[in-house]
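Residue-level structure breakdown
Letter by letter, the chains look like this.
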Amino acid sequence: RLTTLRFLGSAMSARTRCIHATELTMSNEFSPPTSPVTVREIISLQPQEMDDLCEVLIACVNDGASLGFHAPLPRDIAQAWWERLPRPGVTLLVAEADGRIGGTVQLHAAESANGAHRVEVAKLLVHPGWRRRGVASTLMIAAEEIANLIVFLASEYSTPLHGAVIDASMGLGVRPGLITEHAH
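Scope of this entry: the structure provided in the associated data block. (Residues numbered from 1 in each chain as written. Predicted model: local features only at pLDDT ≥ 70, side-chain atom pairs only at ≥ 80, totals over all residues. Heavy atoms only, no water.)

**Concerning the overall build of the chain**
The test is simple: Segments assigned H or I by DSSP are reported as helices when at least four residues long, segments assigned E as strands when at least two residues long, and all are numbered from the N terminus. Exposed residues in this analysis have more than 50% of their type's maximum accessible area, buried residues have under 20%, and partly exposed residues fall in between, with area computed by a 1.4 Å probe over protein chains only. Contacts are assigned to residue pairs with any non-hydrogen atoms lying within 4.5 Å of each other.
Tallying secondary structure elements over the chain gives five helices and six strands in all. Sequence-ordered secondary structure for the chain, helices as α and strands as β, is β-α-β-β-α-α-β-β-β-α-α. Counting every position in the chain, which comprises 184 residues, the buried fraction comes to 35%. Restricting the contact set of the chain to residue pairs at least 6 apart, pairs at least 24 apart contribute 58%.

Printed below as a string of structure tokens:
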């Protein structure tokens, strides 16, 4: 089921004014989560993850978010954007519940020579149907924990961590600082 919204006239809010008389389409099938939201890192996008992330991006842009796209955002452009992620230097975190992804945030390693102590948060997106439920806060808490780990590992204080220990833990499916489905 699809609902088509049309923003017309002078009664538009400032948030939707930039869209003018554009017709927007949003899915009613992306319902709010009924189970607890969990956050995980995506290493490689699977088809269902791509579908959910495209829907989140399209819904956010069509809802007026300023993300460098114009509404209505075609799916092929959203998909082309997501296909660039994840990539080296970018950590992609997703919030999910009920088998769906409803939010995402990215961590970008600072590219400047003096930026080893810095990680930048980018593109915090929460599907409009999932907003006002603590999803963005949950994503930001997880992002901060991972950012602190990345900064620590890039610092001079990480020398006691031997590469073999990190390699062994990653081989077991455990990433430093992350709880996975294998951890109890």
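**Some details on the nonpolar core**
Operational definition: In this text, buried Ala, Val, Leu, Ile, Met, Phe, Trp, Tyr and Cys residues form a nonpolar core when linked through side-chain atoms within 4.5 Å.
Ranked by size, the top nonpolar core spans 38 residues in total, and within it Leu 53, Leu 57 and Trp 82 carry the most contacts. For this core, the secondary-structure elements that each account for two or more residues are helix 2 (47-62), helix 3 (75-82), strand 4 (90-97), strand 5 (100-109), strand 6 (119-126) and helix 4 (135-154). The element that contributes the greatest number of residues to this core is helix 2, accounting for eight residues. Discounting residues that sit within four places of it in the chain, Leu 57 has contacts with Leu 67, Phe 69, Leu 73, Ala 78, Trp 81, Trp 82 and Leu 125.

**Examining the environment of Leu 67**
Turning to its location among the elements, Leu 67 is positioned in the loop between helix 2 and helix 3. Spatially, the C-alpha atom of Leu 67 lies 7.7 Å from that of Lys 123, the residues being 56 residues apart in sequence. Not counting the four nearest positions on each side in its chain, Leu 67 is found in contact with Leu 57, Cys 60, Val 61, Lys 123 and Leu 125.

**What about a nonpolar patch on the surface?**
Our working definition: Residues qualify for a patch when their relative accessible area is over 30% and they have no salt bridge, like charges being joined within 9 Å and the nonpolar side chains of Val, Leu, Ile, Met, Phe, Trp and Tyr within 5 Å. What sets the accessible areas is the Shrake-Rupley method with a 1.4 Å probe; for residues, cover comes only from the shown protein chains. Note on definitions: salt bridges are taken to be side-chain nitrogens of Lys or Arg within 4 Å of carboxyl oxygens of Asp or Glu.
A surface patch of nonpolar side chains, amounting to about 220 Å² of accessible area, comprises Val 121, Leu 124 and Met 140. By the element assignment, Leu 124 lies in strand 6. Taking relative accessible area as the criterion, Leu 124 reaches 37% and is therefore assigned partly exposed.

**Concerning the pattern of salt bridges**
Under the defined criterion, the tally for this structure stands at six salt bridges. In this structure, Glu 96 engages Arg 40 in a salt bridge whose closest nitrogen and oxygen atoms are separated by 2.5 Å. Of the two residues, Glu 96 is situated in strand 4 and Arg 40 in strand 3 (residues 38-42); the sequence distance between them amounts to 56 residues. Ionic pairing is found between Arg 75 and Asp 51, a salt bridge with its closest N-O pair at 2.7 Å. Taken as a pair, Arg 75 in helix 3 and Asp 51 in helix 2 lie far apart in primary sequence, 24 residues in all. When its relative accessible area of 35% is taken as the criterion, Arg 75 is described as partly exposed. Overlapping salt bridges, with partners in common, bring together Arg 40, Glu 49 and Glu 96 in one network.

**Digging into unusual backbone geometry**
Cis rather than trans, the peptide bond between Ala 71 and Pro 72 has omega equal to -5°. Following the sequence through the fold, Pro 72 ends up in the loop between helix 2 and helix 3. Of note, the amide linkage connecting Leu 85 to Pro 86 takes the cis form, showing an omega dihedral of -20°. At Asp 98, a residue that is not glycine, the phi angle is positive and equals roughly 55°. Tracing the backbone shows Asp 98 in the loop between strand 4 and strand 5.

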